[in-house]
Amino acid sequence: MNKHYQEPMFTRSEVAQILNVTTLTISNREKSSKYPDPRRDMNNYRVYNLNDVFNLQLITYDQIDPKPIISIMYDKGFTDMKRLGQMIDSALSKRTGATWCLKAKTRQTD
C-alpha cells in the first residue's frame, strides 16, 4: 500500500513539534485529562491521526493551524502538495471530537 494514500499517523514527538510544546507537556496534560488518551498501535506506542492533532490544536490554541502539520507530513515523505492539501481538507470535512474539546475547555476554566 502506498503511504501517500493512507491516513498519516503522528508520534508524540511529532505532535509536540506541531503544538510547539514538549513531549512531557503532552504527557502531563493527558494525565490531568486536559488531553484525551491517545490510541495505541500494535507495539503499544501512542499514535495520533489528523483529527486527533486538530483536536489537540483546538484544546491548546482554540484554533486549527494546518501549517505545522503540513511541515511534519512533508518531512515524513508526503511531498505532493496537492495531495497534502486534499488530505487536510478531507480530514477537516470529517471532523469529529469537538464535543470532547468543548468538555476539556470547560474543565480548564473551572
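Residues numbered from 1 in each chain as written. Predicted model: local features only at pLDDT ≥ 70, side-chain atom pairs only at ≥ 80, totals over all residues. Heavy atoms only, no water.

## Some thoughts on the environment of Thr60
Relative to the helices and strands, Thr60 resides in helix H3 (residues 50-61). Measuring from C-alpha to C-alpha, the distance between Thr60 and Tyr35 comes to 9.0 Å, with 25 residues separating the pair along the chain. A distance of 2.5 Å separates polar atoms of two side chains, one belonging to Thr60 and the other to Tyr35. Within the structure, Thr60 has its side chain in polar contact with the backbone oxygen of Leu56 (distance 2.7 Å). (Helix = DSSP H or I, 4+ residues; strand = E, 2+ residues; numbered from the N terminus. Polar contact = N/O pair within 3.5 Å; in protein donor to acceptor, adjacent residues only side chain to side chain.)

## Observations concerning the nonpolar core
By size, the foremost hydrophobic cluster in this structure holds 21 residues, and its most contacted members are Phe10, Val15, Leu50, Ile69 and Met73. Top contributing element to this core by residue count: H3, with five residues. Filtering out sequence-adjacent residues up to four positions away, Val15 remains in contact with Phe10, Ile26, Tyr48, Val53 and Leu56. (Core = buried A, V, L, I, M, F, W, Y, C linked by side-chain atoms within 4.5 Å. Buried < 20%, exposed > 50% of the residue type's maximum accessible area, 1.4 Å probe, protein only. Contact = heavy atoms within 4.5 Å.)

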